[in-house]
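Here are the chains, one letter per residue:
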Amino acid sequence: DEASEERLEQLYQEVAPQILDGPAIENQLSLLNFLPTGCDGVDELLGGGLRQGQVTELTGEAGTGKTQLCLSAAASAAALGHRVVYVDTGGGLFSSPGK
């Protein structure tokens, strides 16, 4: 019916300006600062390093270097004068022996 069409058009007008296309997303990402991970190869793969102000999740098998990369990135950020918080959600880094 006509009322539904009008409501749909109103919703579109509210939402459409918030929709970003690929170039707009690239532009937004280019405005972010990058933090080096301490590993040039990883920084290259990430397009410059970790994006400041964003959460980055690392996943993978045990022994693949996730913790090492996180600690290296934390040290690099601290060396640049940034405050760093390292959260060990698995408890593996600081677990007691025999655990």
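Source: prediction; values computed, not measured. (Residues numbered from 1 in each chain as written. Predicted model: local features only at pLDDT ≥ 70, side-chain atom pairs only at ≥ 80, totals over all residues. Heavy atoms only, no water.)

Enquirer: Would you mind going over the overall build of the protein chain in detail, with residue names and values included?
Expert: The helix and strand tally for the protein chain stands at four helices and two strands. Looking at the protein chain as a whole, 8% of its 99 residues qualify as buried. Nonlocal contacts in the protein chain, meaning residues at least 24 apart in sequence, comprise 27% of its contacts between residues at least 6 apart. Surface exposure of the protein chain reaches about 8,100 Å², of which carbon and sulfur atoms provide 54%. (Helix = DSSP H or I, 4+ residues; strand = E, 2+ residues; numbered from the N terminus. Buried < 20%, exposed > 50% of the residue type's maximum accessible area, 1.4 Å probe, protein only. Contact = heavy atoms within 4.5 Å. Areas by Shrake-Rupley, 256 points an atom, 1.4 Å probe, with all protein chains shown as cover.)

Enquirer: Tell me what's going on with helix H4 (residues 66-79), and back it up with residues and numbers.
Expert: With 14 residues, H4 extends 20 Å from end C-alpha to end C-alpha; this agrees with the ideal 20 Å at 1.5 Å per step. Burial in H4 covers these residues: Ala73, Ala74, Ser76 and Ala77. Burial along H4 is one-sided: seen end-on, the buried residues are contained in an arc of 165 degrees. Facing away from the buried side of H4 by more than 90 degrees, the exposed set consists of Gln68 and Ala79. In this fold, the buried residues of H4 make contact with strand E2 (50-51). After H4 finishes, the residue Gly81 shows a positive phi value of roughly 95 degrees. (Expected span 1.5 Å × (residues − 1). Arc of directions from axis to C-beta.)

Enquirer: Can you tell me about the layout of surface pockets, naming the residues and giving the values?
Expert: In this structure, the largest pocket encloses a volume near 910 Å³. Taken together, 30 residues make up the lining of the largest pocket; nearest its centre are Thr56, Cys70, Val85, Tyr86 and Val87. Listed by contribution, the elements that provide at least two residues to the lining of the largest pocket are E2 and H4. With seven residues, H4 is the largest single contributor of residues to the lining of the largest pocket. Considering only residue class, the lining of the largest pocket consists of 15 nonpolar, 10 polar and five charged. (1 Å grid on protein atoms, 1.4 Å probe; cavity = no way out; pocket = protein on both sides within 12 Å on 5 of 7 lines; lining within 4 Å. Points joined across faces, edges and corners; volume = space filled by probe spheres on them. Nonpolar A, V, L, I, M, F, W, Y, C, P; charged D, E, K, R; others polar.)

Enquirer: Before we move on, could you go through a negative patch on the surface and cite the residues and values that matter?
Expert: On the surface, Asp1, Glu2, Glu5 and Glu6 cluster together into a negatively charged patch. Within the secondary structure layout, Asp1 lies in the segment before helix H1 (2-15). Judged by relative accessible area, Asp1 falls into the exposed class, the value being 66%. (Patch = residues over 30% accessible without salt bridge, like charges linked within 9 Å, V, L, I, M, F, W, Y side chains within 5 Å. Salt bridge = Lys/Arg side-chain N within 4 Å of Asp/Glu carboxyl O. Lys, Arg positive; Asp, Glu negative; His and termini not counted. Charge placed at Lys NZ, Arg CZ, Asp CG, Glu CD.)

Enquirer: Which residues make up the side chain of Asp43, and what values go with them?
Expert: Topologically, Asp43 is positioned in helix H3 (residues 40-45). One buried charged residue, Asp43, remains without a salt bridge, the closest side chain of opposite sign being Arg51 at 11 Å. A polar contact is formed between the side chain of Asp43 and the side chain of Thr37, at a distance of 2.7 Å. Once residues within four sequence positions are removed from consideration, Asp43 is found in contact with Leu35, Pro36, Thr37, Gly38, Gly48 and Gly49. (Polar contact = N/O pair within 3.5 Å; in protein donor to acceptor, adjacent residues only side chain to side chain.)

These values are about where atoms sit, not about what they do.
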